[in-house]
Amino acid sequence: FKMKVKYALLLLTSLVFCSAHLLDDKGLGELVREMREIKDELEDRVSKLEEMAKIGTLRSCAEYSHYGLKTSGLYVVDPDGGLIGQEPFQVYCNFTTGSTEIMHNTENMTDVEHCHDPGCYQKDISYIDGQTQQPIALSQIESLIELSEYCEQNFNYDCTLAPLSDSGVDYAYWEDRHGQQNVYFTGSNYGYHVCDCHYDPEGCIEEPTKHNTCNCDASIPAPMSDSGTITNNTALPVMKLYFGGLNYGIQYGAYLLGRLKCYGEKQVDIGTSCSALKKKGIFKSGYYNIKPSGELRPSLVFCDMTSDTYTDVPQIEELSDVSPIGTILAWVPKPQVSSNSVDLPNGWMLCDGSHITQGPWSGGRTPDLNSIGAFLRGGIENHVLEMESDQIEDHSHTDSGHSHSCSASSSASSHHHTYSRTDWGSADGDMCGTSGGHCSDPDTIVHGTVSTGSSHSSISTTCHTSSHSSGIGKVTSASKRGSETRPLNMKVMYVIRII
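Summarised in this report is the structure supplied together with it.

Conventions adopted
- Residues numbered from 1 in each chain as written.
- Predicted model: local features only at pLDDT ≥ 70, side-chain atom pairs only at ≥ 80, totals over all residues.
- Heavy atoms only, no water.
- Helix = DSSP H or I, 4+ residues; strand = E, 2+ residues; numbered from the N terminus.
- Buried < 20%, exposed > 50% of the residue type's maximum accessible area, 1.4 Å probe, protein only.
- Contact = heavy atoms within 4.5 Å.
- Areas by Shrake-Rupley, 256 points an atom, 1.4 Å probe, with all protein chains shown as cover.
- Pairing = 2+ DSSP bridges.
- Axes fitted to C-alpha atoms, helices over the stretch in contact; angles between N-to-C directions.
- Disulfide = S-S within 2.5 Å.
- Core = buried A, V, L, I, M, F, W, Y, C linked by side-chain atoms within 4.5 Å.
- Salt bridge = Lys/Arg side-chain N within 4 Å of Asp/Glu carboxyl O.
- Polar contact = N/O pair within 3.5 Å; in protein donor to acceptor, adjacent residues only side chain to side chain.
- Lys, Arg positive; Asp, Glu negative; His and termini not counted.

On a plain count of helices and strands, the protein chain comes out with six helices and 25 strands. Here the protein chain holds 499 residues, and 32% of them are scored as buried. Counted over contacts in the protein chain with a minimum sequence separation of 6, partners at least 24 positions apart contribute 62%. On the protein chain, roughly 32,600 Å² of surface is accessible, and the fraction owed to carbon and sulfur atoms is 52%.

Overall, antiparallel pairing links the three strands, which are arranged β16-β17-β18 in an open sheet. A single partner strand is all that each edge strand has here, and the edge strands are β16 (286–290) and β18 (315–317). Each neighbouring strand pair of the sheet contributes to a mean axis angle of 40 degrees, computed without reference to strand direction. One ladder, built from five bridges, connects β16 with strand β17 (residues 299–303); its direction is antiparallel. Residue pairing across strands places Tyr288 opposite Val301, the latter belonging to β17.

Attention now moves to the state of the cysteines. Counted by the stated rule, this structure contains seven disulfides. Across a sulfur-sulfur distance of 1.9 Å, Cys274 and Cys303 are joined as a disulfide pair. Taking the sign of the S-S torsion, about -75 degrees here, the bridge from Cys274 to Cys303 comes out left-handed. Linking Cys274 in helix α6 (residues 274–279) with Cys303 in strand β17, this pair joins segments that are 29 residues apart in sequence. The buried category is assigned to Cys274, whose relative accessible area is 0%. A relative accessible area of 0% means that Cys303 is categorised as buried.

We now examine the nonpolar core. Counting 49 residues, the largest nonpolar core has Ile102, Tyr127, Tyr157, Leu241, Phe243 and Leu260 as its most contacted members. When residues in this core are grouped by element, the largest group, four residues, is from strand β7 (residues 150–160). Excluding residues that lie within four positions of it along the chain, Phe243 makes contacts with Val112, Cys115, Asp117, Gly119, Cys120, Tyr121, Phe155, Tyr157, Leu164, Tyr171, Ala172 and Tyr255.

In this section: the pattern of salt bridges. Counted according to the given criterion, the structure contains seven salt bridges. Among the ionic pairs, Glu63 bridges to Arg59, the shortest N-O distance being 2.8 Å. On the accessibility criterion, Arg59 (7% relative accessible area) is buried. With a shortest N-O distance of 3.1 Å, Glu107 and Arg259 are connected by a salt bridge. With Glu107 in the loop between β3 (99–104) and β4 (110–111) and Arg259 in the loop between β14 (252–257) and β15 (260–263), this pair connects stretches of sequence that are 152 residues apart. Note on Glu107: relative accessible area 26%, which makes it partly exposed. Looking at Arg259, the relative accessible area reads 23%, which means it is partly exposed.

Mapped onto the elements, His193 comes out in the loop between β11 (181–182) and α5 (207–210). In contact with His193, other than residues within four places in its own chain, are Leu164, Ser165, Asp170, Val183, Tyr184, Phe185, Thr213, Cys214 and Asp217. Within the structure, His193 has its side chain in polar contact with the backbone oxygen of Val183 (distance 2.9 Å).

Turning to the sheet that holds strand β5 (residues 121–124), a few remarks are in order. Here we have four strands laid out as an open sheet, ordered β5-β13-β10-β11, and antiparallel in their pairing. Of all strands in the sheet, those with a lone pairing partner are β5 and β11, marking the two edges. In this sheet, β11 lies alongside strand β10 (residues 173–175) in antiparallel orientation, the contact comprising two bridges. The partner of Glu175 across the bridge, within β11, is Gln181.

Next up on the list: unusual backbone geometry. Excluding glycine, a negative phi dihedral is what most residues carry, and trans is how most peptide bonds are arranged. Pro237 follows Leu236 through a cis peptide bond whose omega is 5 degrees. Mapped onto the elements, Pro237 comes out in the loop between β12 (224–230) and β13 (240–243). For Ser167, which is not glycine, the phi dihedral falls at a positive 55 degrees. Mapping Ser167 onto the fold places it in the loop between β8 (165–166) and β9 (169–170).

With respect to the secondary-structure elements, Asp217 resides in the loop between α5 and β12. Although Asp217 is buried, it makes no salt bridge; Lys210 carries the closest opposite charge, 10 Å away. Reaching out from Asp217, the side chain makes a polar contact with the side chain of His193 at a distance of 2.7 Å. Every residue in contact with Asp217, bar those within four places of it in the chain, is listed here: Pro163, Leu164, Ser165, His193 and Asn212.

Structure representation (structure tokens):
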């Protein structure tokens with residue numbers, strides 16, 4: 001359209017100059033001034049129309065087809081949504097096949113330069129605007145893939161003694177949008193080197209004997225070719241191509257990479273997530289009620305629709321004010337060990353010392369309760385977050401004393417004692433008695449002391465008490481004995497609300 005305006009201006013200017021001889025200098029100058037004003041106004045209007053066209057730009061050729069467009073050609077698309085994300089760009093809409101085709105800088109057959117090592121020849125694939133030839137953002141391509149029912153990209157390779165793979169060495173491979181290197185050239189066969197011929201009824205050339213899965217891998221001195229259609233939506237588009245193993249002049253290799261072609265529209269359950277809402281054409285950020293698949297109740301979330309793609313649309317659950325920021329709760333990700341785990345809702349974090357990435361405490365850390373198995377207790381505000389080590393309250397034990405009864409027996413050997421007596425001093429005197437009237441001379445009475453033989457006895461006593469236990473000891477059950485004192489419990493994870 002802009003080119004047509006320029007041609008019209010050029011034609012009008014020519015007519016003016018052709019009739020300039022009819023005007024004087026003053027009239028000619030006035031006409032030129034007016035023409036310049038008209039030109040500036042037209043260019044301004046064209047620019048505004050182009051900007052307005054971007055506002056009404058659809059996301060894919062499949063969406064344009066809903067409005068009855070049938071003429072194939074270049075169209076402006078904006079896969080990540082109008083007025084958000086990256087700039088719109090031009091693609092080729094093939095309304096006969098229903099494809100949205102993104103062009104790139106390697107759409108012609110290109111010879112592989114000779115080099116020895118696997119992957120020594122490298123070609124970067126740049127996906128470009130169909131009109132300006134400027135590179136387009138990868139996020140726009142990813143958005144188109146996410147919107148489409150399926151996408152594909154063709155690969156062709158001509159060869160003479162230039163195998164893609166030989167004796168377990170992959171000389172050729174390609175790099176996907178995640179930087180992963182792949183050796184399959186058809187389908188979605190990650191990790192399996194294969195071309196289209198492997199799935200043909202006749203198989204690849206020499207496949208029965210050499211077990212090769214691509215024609216060129218037969219390495220025979222004759223021109224051959226391989227083809228394939230890569231359909232792995234999680235890997236497309238092809239970002240780089242690698243070739244190698246061409247040492248001699250007789251060897252030849254050339255490749256052709258087709259456009260990325262996406263078809264149809266992916267069916268999504270609207271209202272299950274912010275991503276699903278955006279895929280259905282809702283691009284205004286705000287609060288929405290969603291009901292995720294498998295959930296029993298809907299929830300109110302904030303959808304940030306300004307993201308570049310459809311898979312990482314920020315979805316922030318609106319939390320109840322009943323649980324203020326800083327609330328710590330006990331939480332389990334599953335009710336049984338065998339159950340599937342669920343994710344922690346947005347706005348909550350584990351109390352494990354993790355970095356806080358959002359909310360008023362962003363940049364700080366959550367309290368570390370889970371890794372040390374701490375309990376929670378109440379306290380005044382000045383003591384909040386104070387950690388206390390385990391301890392036992394100081395105490396003492398008192399023993400008031402006790403006694404034991406005892407039974408004993410004793411034994412003694414025979415013994416003697418000393419005594420005093422009076423003997424007769426002589427036989428010539430008489431001693432008077434108290435009876436019989438007999439007397440004797442008192443001078444003859446002799447008093448003396450007589451001792452018996454002296455001996456000593458030894459007495460021994462033995463006392464025996466019975467043995468009794470006090471009953472004081474350790475925990476006897478091995479299952480209840482350990483290195484800590486604790487009540488019956490179940491481990492949970494503490495979580496804290498941070499937004």
